[in-house]
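Observations on the three-dimensional arrangement
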Amino acid sequence: MKLMKSLFLSSAAGLVAMSGAQAADLPLKAKAVEYVKVCSLYGAGFYYIPGTDTCIKLGGFARVDLGVNTNTVFLGNTNVAAGSSQNRLTNGFTWRSRADLNIDTRTATEYGVVRTYFDAFFTWTSGSYGGLGNGTTSYSATGDTPANGTLGANYAFIQFAGFTMGKAVSQFSTPWVASPGDIFDGLVGGGGTSTGVNQFTYTAEFGNGVSGSIGVQDPTQYYQAGVNNLVVPGPYGYGTSDYAGTTVPDIVGQLRVDQAWGLFQASVAAHDNNAAYYGATQTSGGPGDKWGWAGQIGLQIKNIPTGPGDTISVQGVYTDGATRYNIQDRNTAAGSNVIYGGVTSIGLGFAPDSVFLGGSQQLVSTWGMRGGFVHNWNPYWSSAVFGGYASVRFTGEAKTLMCGAGGSISGLAFARGMTSCNPDYNIGQVGANLRWTPVRNLTFTTEGLYTMLDQKYAGTVNGANVAGAKPTGAYDLKDQNTWTVMFRAQRTW
């Protein structure tokens, strides 16, 4: 009996030990899965990043553009060697595909919302063929090759406690930037930077929809139209750009009123024109800096009697030594026009910030306007009409340096047939589009644009354009025009 009892107790102890060991090997109970939660603080599409109090929204689009009678999709054939020649080297069409991604994050803090925003894209654009002057052509660098495309960043900025820091739309620009007709963003007549500019800006909210902004922004690339040294006249006598290194950023201010009926905005900008040297070395000296400026007003009226969601947007601008605040970055072609009319005529128009020849800078002044009307026919169809105009004027002294005896233009063999030398010019653009949205966020667009160059020269020039296969010979100086049509399909998400 004692033996049986001992065996039983031993077996029980062993089982208990084995059970304890097995229990120790079992995994701990997993934590509940933390699902992504909707963040309703900042509108539709935001979600909390798991484990944080930061909300995030992803967006983007896929877009296909087909431009007809253009070598640049959007800008028309106004300053592309092959395109502006208006001959066999002018593209019947140019194709472009683009994919875009944007990321918007926001976090509530005791100082207010901290926001970051990023927008980048990948683009592939077909190019052009330019003449080599020997009966052959080569593919232009304006297009992408089969093995690559173009990466770019439109926006990358931080907003905190009223400050905007990074690459964002300029405070000088209106909310519709350069697209009063919703699509085309290459109009003259006001501010641009639809792809953003580096800036450091403070915005104050005064209540009742009134706000004011003051800041500085990077002038390079987006706001430098050229400080042209006439010592090197270039092929058309307008000089060659002669910038020094950056010294002072552009200073920008804005006052804006947002109301249910629409908005009103007034903007100003100061722009430093900083030239390098008169000659090849620093011992040659150079002109002193000269400040330019720009002023703009914009007005948008919403929900007008023509229909729900319809808008009218207009703006006007004046610049003096700050040309890019009128003939903006998405319209570089309008700032430097060389348009041929068949094989017999040519039109010229250039708009730098200043010109100089051994003395002080002569600032170039401009004025302009743009506007558009957007109408929604029904939930599926909408259309717009839009236009822009800019006028460019050189000072009397600048005209003497360029058109006087032995001037940078009149002294060229190119200009010996001129009977009137005047670098002033006007440019106008008018267009319309029709948009069909069969399902939400999928839109098909057809858009046409007509551009007119009103130049002030008379007589003939001895022109030649190797890349455009233009022969050497006399070309009549005349006003010119060009047109383009764009077809677009875009899916936004």
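Residues numbered from 1 in each chain as written. Predicted model: local features only at pLDDT ≥ 70, side-chain atom pairs only at ≥ 80, totals over all residues. Heavy atoms only, no water.

**Focus on the overall build of the protein chain**
A tally of regular secondary structure across the protein chain gives 3 helices and 28 strands. In the protein chain, which comprises 493 residues, the proportion classed as buried is 46%. Counting only carbon and sulfur atoms, one obtains 63% of the accessible surface of the protein chain, whose full area is about 23600 Å². (Helix = DSSP H or I, 4+ residues; strand = E, 2+ residues; numbered from the N terminus. Buried < 20%, exposed > 50% of the residue type's maximum accessible area, 1.4 Å probe, protein only. Areas by Shrake-Rupley, 256 points an atom, 1.4 Å probe, with all protein chains shown as cover.)

**As for the state of the cysteines**
Structurally, a disulfide amounts to a covalent bond that connects the sulfur atoms of two cysteines. Using the criterion set out here, one finds 2 disulfides in the structure. Shown here is the disulfide that connects Cys 39 with Cys 55, its sulfur atoms set 2.1 Å apart. Negative torsions about the S-S bond denote left-handed disulfides, and the value of about 80° found for Cys 39 with Cys 55 makes this one right-handed. Note that Cys 39 is positioned in the loop between helix H1 (2-25) and strand E1 (47-48) and Cys 55 in strand E2 (residues 54-68), a separation of 16 residues in sequence. (Disulfide = S-S within 2.5 Å.)

**Remarks on the pairing of strand E25 (residues 442-455)**
Within a regular beta strand, the side chains point alternately toward one face of the sheet and then the other, so they alternate between its two faces. Only one face of E25 is covered, namely the face carrying Thr 443, Thr 445, Glu 447, Leu 449, Thr 451, Leu 453 and Gln 455; the face carrying Leu 442, Phe 444, Thr 446, Gly 448, Tyr 450, Met 452 and Asp 454 is uncovered. Both strand E24 (residues 425-439) and E25 contribute to a ladder of 13 bridges, which runs antiparallel. Considered in E25, the bridge of Val 430 is made with Tyr 450. Here E24 folds back onto E25 in antiparallel fashion, the turn holding 2 residues, of which Asn 441 has a positive phi close to 70°. (Pairing = 2+ DSSP bridges.)

**Describing helix H3 (residues 396-403)**
Among the residues of H3, Ala 398, Leu 401, Met 402 and Cys 403 are the ones counted as buried. End-on, the buried residues of H3 take up no more than an arc of 170°, which puts them together on one face. Across H3 from its buried face, at more than 90 degrees, point the exposed residues Gly 396 and Thr 400. (Arc of directions from axis to C-beta.)

**Observations concerning the side chain of Ser 365**
In this fold, Ser 365 is placed in strand E21 (residues 365-376). Judged by its relative accessible area of 16%, Ser 365 is buried. Among residues more than four places away in sequence, those in contact with Ser 365 are Tyr 318, Thr 319, Asp 320, Ser 391, Val 392 and Arg 393. (Contact = heavy atoms within 4.5 Å.)

**What about the packing of aromatic side chains?**
As enumerated under the stated definition, the model contains 20 aromatic pairs in all. Ring geometry for Phe 93 against Trp 95: centres 6.1 Å apart, planes inclined by 90°, an arrangement best described as edge-to-face. Residue classification places Phe 93 among the partly exposed residues on the basis of a relative accessible area of 49%. Relative accessible area serves as the criterion here: at 44%, Trp 95 is assigned to the partly exposed category. Taking 5.8 Å as the distance between ring centres and 20° as the angle between the ring planes, the aromatic pair formed by Trp 381 and Trp 436 counts as stacked. Linking Trp 381 in strand E22 (residues 381-393) with Trp 436 in strand E24, this pair joins segments that are 55 residues apart in sequence. For Trp 381, a relative accessible area of 36% puts it in the partly exposed group. On the accessibility criterion, Trp 436 (36% relative accessible area) is partly exposed. Connected via pairs of aromatic rings, a cluster forms that spans Tyr 236, Tyr 238, Phe 350, Phe 394 and Phe 414. The ring of Tyr 48 carries the charged tip of Lys 37 above its face, separated from the ring centre by 5.6 Å. (Phe/Tyr/Trp six-rings, centres within 6.5 Å; stacked < 30°, edge-to-face > 60°. Lys NZ or Arg CZ within 6 Å of the ring centre and 35° of its normal.)

**Some details on the pairing of E22**
Here E21 runs beside E22; their pairing, made up of 12 bridges, is antiparallel. Looking at E22, one finds that Asn 376 is bridged to Ser 382. Hairpin connection of E21 to E22: 4 residues between the antiparallel strands. Inspection of the sheet shows E22 paired to E24 by 12 bridges, in the antiparallel sense. Among the inter-strand pairings, Tyr 389 is bridged to a residue of E24, identified as Gly 428.

None of the figures reported here should be taken as evidence of function without further support.
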